Amino acid sequence: MALQTAEDIEEHIEESEDILEQDVRVSPAEEMPGDGPGEEESDQLFLPWDRFSAWLHCICVVGFDLELGQAVEVIYPHHSKLTEKEKTSICYLSFPDSNSGCLGDTQFCFRFRQASSRQLSLGCFLDRCDRDAPVCLKRDQGHFYGYVYFRQVRDKSLKRGYFQKSLVLISKLPYVTFFHQLLKLLAPEYFEKQEPCLEAACNDIDRWPTPSPGKILSLPIMGIVMKLRIPTCYDKPGTSQLVQSTPSDSLVSIVLPTIHEVDLFRCFYPVFFHIQMLWELVLLGEPLVVMAPSPSDSSDTVLALVSCISPLRYCSDFRPYFTIHDSEFKEYTTRTQAPPSVILGVTNPFFAKTLQHWPHIIRIGDMKQTGEMAKQMKVKKLKNLKTLDSKPGVYSAYKPFLNKDEDIIKQLQKGVQQKRPSAAQNAILRRYFLELTQSFIIPLERYVASLMPLKKSISPWKSPPQLRPFIQEEFMKTLEKAGPQLTSRLKGDWIGLYRQFLKSPNFDGWFRNRRKEMMQKLEALHLEALCEEDLQLRIQKHTEVETVDLVLKLKDKLTQAEREQLPVRAGTLAKLQTHIESIILSLPEDLQGILHKPATL
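Keep in mind that what you see is a predicted model, and the values were worked out from it rather than measured.

Novice: Run through the overall build of the chain, naming residues and quoting values.
Specialist: Helix and strand counts for the chain stand at 20 helices and 13 strands. Counting only residues that meet the buried cut, the chain has 52% of its 601 residues in that class. Residue pairs at least 24 apart in sequence account for 75% of intrachain contacts in the chain once pairs closer than 6 positions are excluded. As displayed, the chain offers around 28,800 Å² of accessible surface, 52% of which is attributable to carbon and sulfur atoms.

Novice: Please give an account of the environment of Lys 165 that cites residues and values.
Specialist: Tracing the backbone shows Lys 165 in strand E5 (residues 162–171). As for Lys 165 and Glu 73, which are separated by 92 residues in sequence, their C-alpha atoms are 9.8 Å apart. Dropping the residues within four chain positions of it, Lys 165 is found in contact with Val 61, Val 62, Gly 63, Glu 73, Phe 95, Tyr 149, Phe 150, Arg 151, Tyr 190 and Phe 191. A polar contact of 3.0 Å, which involves the side chain of Lys 165, links it to the side chain of Glu 73.

Novice: Break down the environment of Val 448 for me, with residues and values.
Specialist: Inspection of the secondary structure puts Val 448 in helix H13 (residues 422–449). Val 448 sits 66 residues away from Arg 514 along the chain, and the two C-alpha atoms are 8.1 Å apart. If sequence neighbours within four positions are ignored, Val 448 has contacts with Phe 470, Trp 510, Phe 511, Arg 514 and Met 518.

Novice: Hey, could you go over the packing of helix H5 (residues 176–193) against helix H6 (residues 195–205) for me, with residue numbers and the actual values?
Specialist: Two elements in contact, H5 and H6, have axes whose closest approach is 7 Å; the angle formed by their N-to-C orientations is 140 degrees. Regarding the angle of H5 to H6, the classification is oblique. Between H5 and H6, the contacting residues are Leu 186, Glu 189, Tyr 190 and Lys 193 on the first element and Glu 195, Pro 196, Cys 197, Leu 198 and Ala 201 on the second.

Novice: I'd like a rundown of unusual backbone geometry, residues and numbers included.
Specialist: The phi torsion of most residues other than glycine is negative, and most of the peptide bonds are trans. Following Tyr 76, the chain continues into Pro 77 via a peptide bond in cis, with omega recorded as -15 degrees. Structurally, Pro 77 can be placed in the loop between strand E2 (69–76) and helix H3 (84–93). Here the residue pair Ser 310 and Pro 311 is connected by a cis peptide bond, since its omega of 10 degrees sits within 30 degrees of zero. Positive phi, normally seen in glycine, also occurs at Trp 49, with a value near 75 degrees. Structurally, Trp 49 is set in the loop between helix H1 (19–24) and helix H2 (50–55). The phi angle at Lys 419 is positive, at roughly 55 degrees, despite the residue not being glycine. Within the element layout of this structure, Lys 419 appears in the loop between helix H12 (406–417) and H13.

Novice: Go over the packing of aromatic side chains, please, and point to the residues and values.
Specialist: Across all of its chains, the model carries 41 aromatic pairs by this definition. Ring geometry for Phe 265 against Tyr 269: centres 5.2 Å apart, planes inclined by 65 degrees, an arrangement best described as edge-to-face. You can call Phe 265 buried: its relative accessible area is 1%. Plain terms: the ring middles of Phe 475 and Tyr 498 are 5.4 Å apart, the flat faces sit at 75 degrees to each other, and that makes the pair edge-to-face. Of the two residues, Phe 475 sits in helix H14 (residues 472–482) while Tyr 498 sits in helix H15 (residues 494–501), which places them 23 residues apart along the sequence. On the basis of relative accessibility, which here comes to 0%, the residue Phe 475 falls in the buried class. Taken together through their ring pairs, the aromatic side chains of Trp 279, Phe 440, Tyr 447, Phe 470, Phe 475, Tyr 498, Phe 501, Phe 507, Trp 510 and Phe 511 make up a single cluster. Residue placement shows Arg 111 over the ring face of Phe 318; its charged tip is 4.1 Å from the ring centre.

Novice: Could you give me a rundown of the confidence of the model for the chain, with the residues and numbers involved?
Specialist: Summing up the model confidence of the chain, the mean pLDDT is 83 and the portion of residues at 70 or higher is 83%. In this model, residues 1–40 is a region of pLDDT below 50 whose contacts with residues beyond four sequence positions or in other chains number 90 contacts.

Novice: Can you break down the pairing of strand E6 (residues 216–221) residue by residue, with the values?
Specialist: A regular strand carries its side chains on alternate faces of the sheet. Of the two faces of E6, the one lined by Leu 217, Leu 219 and Ile 221 is fully buried and the one lined by Ile 216, Ser 218 and Pro 220 carries no buried residue. Here six bridges tie E6 to strand E7 (residues 224–229), and the two strands are oriented antiparallel to one another. Along E7, the bridge assignment pairs Leu 217 with Leu 228. In this antiparallel pair of consecutive strands, E6 and E7, the connection spans two residues, and Met 222 shows a positive phi of 50 degrees.

Novice: Can you explain H15? Please cite residues and give values.
Specialist: Every buried residue of H15 is accounted for by Trp 494, Gly 496, Leu 497, Tyr 498 and Phe 501. In the core, the buried residues of H15 are packed alongside helix H8 (275–283), H13, H14 and helix H16 (505–532).

Novice: A description of the sheet that holds E5 should follow, citing residues and the corresponding values.
Specialist: Here five strands make up an open sheet; going across it, the order is E2-E1-E5-E4-E3 and the pairing antiparallel. Whereas interior strands pair on both sides, the edge strands pair on one side only; in this sheet they are E2 and strand E3 (104–113). Neighbour-to-neighbour, the strand axes of the sheet open up by a mean angle of 25 degrees, direction not taken into account. Sheet topology places strand E1 (residues 58–65) next to E5; six bridges connect them, and they run antiparallel. The residue of E5 that forms the bridge with Cys 58 is Ile 170. Running over the sheet, H5 touches E1, E3, strand E4 (143–154) and E5 and is turned about 140 degrees from E5.

Novice: So, the side chain of Thr 258: which residues are in play, and what are the values?
Specialist: For Thr 258, the location among the structural elements is in the loop between strand E8 (252–255) and helix H7 (264–268). A polar atom in the side chain of Thr 258 sits 3.1 Å from the backbone nitrogen of Glu 261.

Novice: Kindly report on H3, identifying the contributing residues and their values.
Specialist: The complete set of buried residues in H3 reads Glu 86, Ser 89, Ile 90, Cys 91 and Leu 93. Each element contacted by the buried residues of H3 is listed here: E1, E2, E3, E4 and E5.

Novice: Any chance you could break down the pattern of salt bridges for me, citing the residues and the numbers?
Specialist: Any two side chains of opposite charge can pair, so long as their charged atoms come close to each other. Under the criterion given, the structure shown has 28 salt bridges. Here Arg 319 ties to Asp 326 by a salt bridge, and the two come within 3.5 Å at their closest N and O atoms. Taken as a pair, Arg 319 and Asp 326 share a single burial class, namely buried. Arg 499 is paired through a salt bridge with Glu 473; the nearest N and O atoms lie 2.9 Å apart. Placement of the pair is Arg 499 in helix H15 and Glu 473 in helix H14, with a sequence separation of 26 residues. The class for Arg 499 is partly exposed, based on a relative accessible area of 31%. A relative accessible area of 42% means that Glu 473 is categorised as partly exposed. Each of Arg 111, Arg 113, Asp 140, Asp 317, Arg 319, Asp 326, Glu 328 and Glu 331 takes part in one network of salt bridges that share partners.

About the thresholds
- Residues numbered from 1 in each chain as written.
- Predicted model: local features only at pLDDT ≥ 70, side-chain atom pairs only at ≥ 80, totals over all residues.
- Heavy atoms only, no water.
- Helix = DSSP H or I, 4+ residues; strand = E, 2+ residues; numbered from the N terminus.
- Buried < 20%, exposed > 50% of the residue type's maximum accessible area, 1.4 Å probe, protein only.
- Contact = heavy atoms within 4.5 Å.
- Areas by Shrake-Rupley, 256 points an atom, 1.4 Å probe, with all protein chains shown as cover.
- Polar contact = N/O pair within 3.5 Å; in protein donor to acceptor, adjacent residues only side chain to side chain.
- Axes fitted to C-alpha atoms, helices over the stretch in contact; angles between N-to-C directions.
- Parallel < 35°, antiparallel > 145°, perpendicular 65-115°, else oblique.
- Phe/Tyr/Trp six-rings, centres within 6.5 Å; stacked < 30°, edge-to-face > 60°.
- Lys NZ or Arg CZ within 6 Å of the ring centre and 35° of its normal.
- pLDDT = per-residue confidence, 0-100.
- Pairing = 2+ DSSP bridges.
- Salt bridge = Lys/Arg side-chain N within 4 Å of Asp/Glu carboxyl O.

The structure is reproduced here in structure tokens:
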């Protein structure tokens, strides 16, 4: 969705025709579309396992077999379908590389391509959830996430000398914090009680409400209750509505303040002198490799990089944990073409050689305690990166477009010296990235808003007007008076940064989304204009054939509005349905019967 513009820049820029408020989007939460399925979910609408499928695709147990290697031992529910390719991906991605030396319990996540599309019986509910979710929390259409709880402990009774097993949650939802917390409850119980525990947990999850943005959800699991709120696209960026326990919450054991945010400060601490450069690299969709000592550090750092441009969506591929067995290994490591726009998190030393030709490499050492002071490090030349044992740092020849912001570095360093709580350091860094991204994207939002036709140009009896095209040079001219200098103190080559961004997958994804929203808004305004017309008076001038044609067109409009969930005012669709009914009743009985028949596919 569009970013909300900062209040302090309003005085600097003249608004034209009030189009930002009137024509571009519906932003306040109270204006969320009111038509469509009822807010209260009815049990009659759900089939068995529908509620489970809204949250998870399946739960897998991956073990190690001396003859077969890693293998999927159990899939719950048993009817869940995974292709052989998907099972192979899950097997290899669910275990740390042998060099990681992860003794005890380890949690991390991975992401892999979905082999084939699947239709779910509760599609309308999921569409509604996606409509109201922020872009970073929408269901991932082409990929699955795997959330892993891996246990490795010494066991002399086994030939290998170790017990090694992973419990893995497979989902389309990027709720990393939530699923890691869920695994902390499930996995220890499973390792103790085995399969009956999984069956009970799956039955609990199948009684959960669907993941609805904006609602406080109470989710019972294995005798306790998790309480959380999924953010909405109508929330003000950078704010979070606290979920608080109430006296009636006697069973609530865990209240989650966030479902998806990782600790940015902890992740970036080893390289925090370069955070601004890393922000630019992610913004521009540059190929990035994170080399880390463990899957936990790797996946957290990749997720931190992807989220640092929030609320802008990172539109390229990213793999929090990537191995040499991944089906895209050859595609992503070939030297015959330029590295793709992707962020990879790796732990295998083999990648130090295989990905040496990549332009930007981040080497993360063991995550230090954030009480220690990180050392000032220069960006290193790529030729200095020989092995995974190389010193931590950023290896790149990239020259940032913007001047370095020394203030944020000093603020974070001061926090370390004063032993400021990690949560406070994380909040400072998250706010810094948010303001930087907003300063960058607001000029684009303003220009794109100007491409919207004026409301007065919408006629109910003509097709909705077209959006004006995005013209790069025209946009560049607007930066002189309405550029990022209005909200950011940073100096540098902002123009060069914009030119590079306009070539990136992130711009393409952002503009496609904004264009779709604006076209839907035009369709909604056109529909509202139709509903305000006196259609009975109109059809008096029509022939019978023309009236039937009007009914069919209105029915198509109604179907489109429901299918695409157009942002119309509450009551608009009901009003349109009433118009259609009254027009049909004015026709001869034989035509009434035909027009009242439901459309057949």
